[in-house]
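# Tertiary structure, described
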Amino acid sequence: MKPQIYKPDFEREPMLTIESTLAKFQKKEAIIGIVGLGYVGLPLMLRYTAIGYKVIGVDIDIEKVDKLNAGKSYIEHITSDSIANACNDGFEATAEFSRVSECDALILCVPTPLNKYREPDISYVTNTMDALKPYLRKGHVISLESTTYPGTTEEELLPRAEDGGLKVGEDVFLVYSPEREDPGNPNFETHTIPKVVGGHTAACLKVGVALYEPAIDQVVPVSSTKTAEMTKLLENIHRAVNIGLVNEMKIVADRMGIDIFEVVDAAKTKPFGFTAYYPGPGLGGHCIPIDPFYLTWKAREYGLHTRFIELSGEVNQGMPQYVIGKLMDGLNDAGKALKNSRVLVLGIAYKKNVDDMRESPSVEIMELIEVKGAIVAYSDPHVPVFPKMREHSFKLSSEPLTAENLATFDAVVLATDHDRFDYGMIKQHAKLIIDSRGKYREPAEHIVKA
């Protein structure tokens, strides 16, 4: 049975005010402005450029802007050749917000992290909108793609968009369309992932659909920006809760002497009613570790306590500490203490085969190892030098993964299971392996499952 798709009644809105805007998108005469040129903004830029639109990208990071204008990529799975081709097709990157006055669409792809109290930090969104305000003009469509709590578009963007006297739905058009990028996933591209779009008014939605339809194979309109915001949260909370469930079952199975990975593999043979989720050392990426807290924070405004969601968050947040416990147990069995031991963390990206470090549990594991007095190092073929991060700092480079170097470490923690690791060589030469990813299924005395 096909899902029900919202069908807006555009006739309820005056049409004359949007005709010229729609015509620009239909004729590919519109200039697309993308604010925030990271893991979400860059693929979107490449897609619009590839289909014939002029794109101006805005980012406050001058180093990124200079690299892009030189035809260089700073994200591993996006090639420099693709950036160079986009530049040849007219793409420009800039740190000057005044350039947005040239654009017809302003797509906001900026971070929405949590603060130290695990509360939403939407300062990047509000600061960006404040920077755009002086340059807003009639005909602009503003689309927020950053993950956030339901109501953000109405409560934060709407008053800023109208602050200069423009009327949303008549002069400018406000939409929310959550990003759905999955870095490094070879099965999906930007244009093949359906795009949910919600508008503040029916006219806003009509313009939003016109913005995305040329670039995305399937656009899914919904009845409001709040609905679109909640849709994004549901998608990622679904994953967070199920990963929390299987992480908790991992702990129970371990106590019972059962391999949880074997259990999941067996359960997924059921052709209905089960979706396989695998445990790990914690949640990573920009969405899944963060999105549940956006909803729980907003729910408190309505007097609601989202116990189920918060419980899964507690379980997932406890996984790095669980891995450290397993590391300490393994070293104790070998007659060693964690303090003063040399520990190598394998894989510090948040998931396999990418260089994306956002919210990576590996970094927390490294910090916990260091706090315990051990000497920590890492090896990751996708991250040659530990990057600048907002809340974490290690002056380290990736260790060469050789038999000789492995032998110098007291323990190896497998945190991210990149395909480029030689698991046979690691097993042969590592003194102790703490396996948080289920790569080693056959029992061995020097392998501890975590």
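Being a predicted model, the structure only gives us computed values, none of them experimental. (Residues numbered from 1 in each chain as written. Predicted model: local features only at pLDDT ≥ 70, side-chain atom pairs only at ≥ 80, totals over all residues. Heavy atoms only, no water.)

## Notes on the overall build of the chain
Helix and strand counts for the chain stand at 15 helices and 13 strands. The C-alpha atoms of the chain give a radius of gyration of 24 Å, which matches the 22 Å a tight globule of 450 residues would have. Overall, the C-alpha framework of the chain stretches about 80 × 50 × 40 Å when taken along its three principal axes. Across the 450 residues that make up the chain, the buried fraction comes to 53%. (Helix = DSSP H or I, 4+ residues; strand = E, 2+ residues; numbered from the N terminus. Rg over C-alpha atoms; globule rule 2.2 N^0.38 Å. Buried < 20%, exposed > 50% of the residue type's maximum accessible area, 1.4 Å probe, protein only.)

## Notes on the sheet that holds strand S10 (residues 375–379)
The parallel open sheet is built from five strands, whose spatial order is S10-S9-S11-S12-S13. Two strands close off the open sheet at either side, each with one partner strand: S10 and strand S13 (447–449). Here the average twist between neighbouring strands, direction ignored, is 20°. Looking at chain direction, strand S11 (residues 411–414) and strand S12 (residues 433–435) are connected through three bridges and run parallel. Following the sheet pairing, Leu414 is matched in S12 by Asp435. Sheet strands touched by helix H12 (residues 319–333): strand S9 (342–346), S11, S12 and S13. Its angle to S11, the strand with the most contacts, is close to 155°. (Pairing = 2+ DSSP bridges. Axes fitted to C-alpha atoms, helices over the stretch in contact; angles between N-to-C directions. Contact = heavy atoms within 4.5 Å.)

## Some details on the environment of Asp355
Position of Asp355 relative to the elements: it lies in the loop between S9 and helix H13 (361–371). Among the residues examined, Asp355 registers a relative accessible area of 15% and is labelled buried. Taking the C-alpha atoms as reference points, Asp355 and His77, separated by 278 residues in sequence, lie 8.0 Å from one another. Discounting chain neighbours no more than four positions away, the residues touching Asp355 are Tyr39, Tyr74, Ile75, Glu76, Ala349, His382 and Val383. A distance of 3.3 Å separates the side chain of Asp355 from the side chain of Tyr39, its partner in a polar contact. Engagement of the side chain of Asp355 in a polar contact is seen with the backbone nitrogen of Glu76, the distance being 2.9 Å. (Polar contact = N/O pair within 3.5 Å; in protein donor to acceptor, adjacent residues only side chain to side chain.)

## Details of a nonpolar patch on the surface
Taken together, Val252, Met256, Ile258 and Val263 make up a surface patch of nonpolar side chains, about 350 Å² in accessible area. Following the sequence through the fold, Val252 ends up in helix H8 (residues 225–255). Classification of Val252 by relative accessible area gives partly exposed; the value is 43%. (Patch = residues over 30% accessible without salt bridge, like charges linked within 9 Å, V, L, I, M, F, W, Y side chains within 5 Å. Areas by Shrake-Rupley, 256 points an atom, 1.4 Å probe, with all protein chains shown as cover. Salt bridge = Lys/Arg side-chain N within 4 Å of Asp/Glu carboxyl O.)

## Overview of helix H6 (residues 152–161)
Considered for burial, the residues of H6 that qualify are Thr152, Thr153, Leu157, Leu158, Arg160 and Ala161. Along the axis of H6, the buried positions cluster into a sector of 165°, meaning they face one direction only. Buried residues along H6 sit in contact with helix H5 (123–132), strand S5 (141–144), strand S6 (173–176) and H8. (Arc of directions from axis to C-beta.)

## A word on the sheet that holds S5
If you trace the eight strands from one edge of the open sheet to the other, you get S3-S2-S1-S4-S5-S6-S7-S8, paired in mixed fashion. Among the strands making up the open sheet, the edge pair consists of strand S3 (92–94) and strand S8 (219–222). Sheet twist, expressed as the mean angle between neighbouring strand axes with direction ignored, is 25°. Here four bridges tie S5 to S6, and the two strands are oriented parallel to one another. Bridge pairing in S6 places Leu144 opposite Tyr176. Each of strand S1 (31–35), strand S2 (54–58) and strand S4 (105–108) is contacted by helix H2 (residues 41–50), which is oriented at about 170° to S1, the strand it contacts most.

## As for the pattern of salt bridges
Inspection of every chain in the model, using the stated rule, returns 24 salt bridges. When the shortest N-O distance is used, the salt bridge between Asp130 and Lys133 registers 3.9 Å. Residue Asp419 pairs with Lys352 through a salt bridge whose shortest N-O separation is 3.3 Å. Of this pair, Asp419 sits in the loop between S11 and helix H15 (423–429) while Lys352 sits in the loop between S9 and H13, and the two are 67 residues apart along the sequence.

## Details of the packing of aromatic side chains
All told, the structure shown has eight aromatic pairs when counted by the stated rule. Ring geometry for Tyr149 against Trp297: centres 4.9 Å apart, planes inclined by 50°, an arrangement best described as tilted. With Tyr149 in the loop between S5 and H6 and Trp297 in helix H10 (residues 291–301), the pair connects residues that are 148 residues apart, well separated along the chain. The exposure class assigned to Tyr149 is buried, which follows from its relative accessible area of 4%. (Phe/Tyr/Trp six-rings, centres within 6.5 Å; stacked < 30°, edge-to-face > 60°.)

## Some thoughts on the nonpolar core
Core analysis: the biggest nonpolar cluster contains 82 residues, and Phe25, Ile32 and Tyr48 have the highest contact counts within it. The greatest single-element share of this core, amounting to eight residues, is contributed by helix H7 (residues 202–212). Core analysis: the next-biggest nonpolar cluster, separate from the first, contains 27 residues, Ile324, Val343, Val363 and Val448 among them. (Core = buried A, V, L, I, M, F, W, Y, C linked by side-chain atoms within 4.5 Å.)

## A look at unusual backbone geometry
Negative phi is the rule for most residues except glycine; trans is the rule for most peptide bonds. Of note in this structure, Asn353 is not a glycine but carries a positive phi near 70°. Mapped onto the secondary structure, Asn353 falls in the loop between S9 and H13. By relative accessible area, which is 27% here, Asn353 ends up partly exposed.

## Focus on the packing of H10 against helix H11 (residues 307–317)
One can describe the packing of H10 onto H11 by two numbers: an axis separation of 10 Å at closest approach and a directional angle of 145°. In the packing of H10 onto H11, the handedness of the crossing is left-handed. Residues Pro292, Phe293, Leu295 and Thr296 of H10 touch H11, and the partners they reach there are Ile309, Glu310, Gly313 and Gln317. Across the contact of H10 with H11, the residue classes break down as four nonpolar, three polar and one charged. (Left-handed = near helix turned anticlockwise from the far one by under 90°. Nonpolar A, V, L, I, M, F, W, Y, C, P; charged D, E, K, R; others polar.)

## Focus: the packing of H12 against H13
Remark: H12 packs on H13, axes separated minimally by 9 Å, with the N-to-C direction vectors making an angle of 50°. With respect to each other, H12 and H13 are oriented oblique. In this structure, the crossing between H12 and H13 has a hand that is right-handed. Contacts between H12 and H13 involve Pro320, Gln321, Val323, Ile324 and Leu327 on the former and, on the latter, Pro361, Glu364, Ile365, Leu368 and Ile369. In terms of residue class, the contact of H12 with H13 is built from eight nonpolar, one polar and one charged. (Parallel < 35°, antiparallel > 145°, perpendicular 65-115°, else oblique.)

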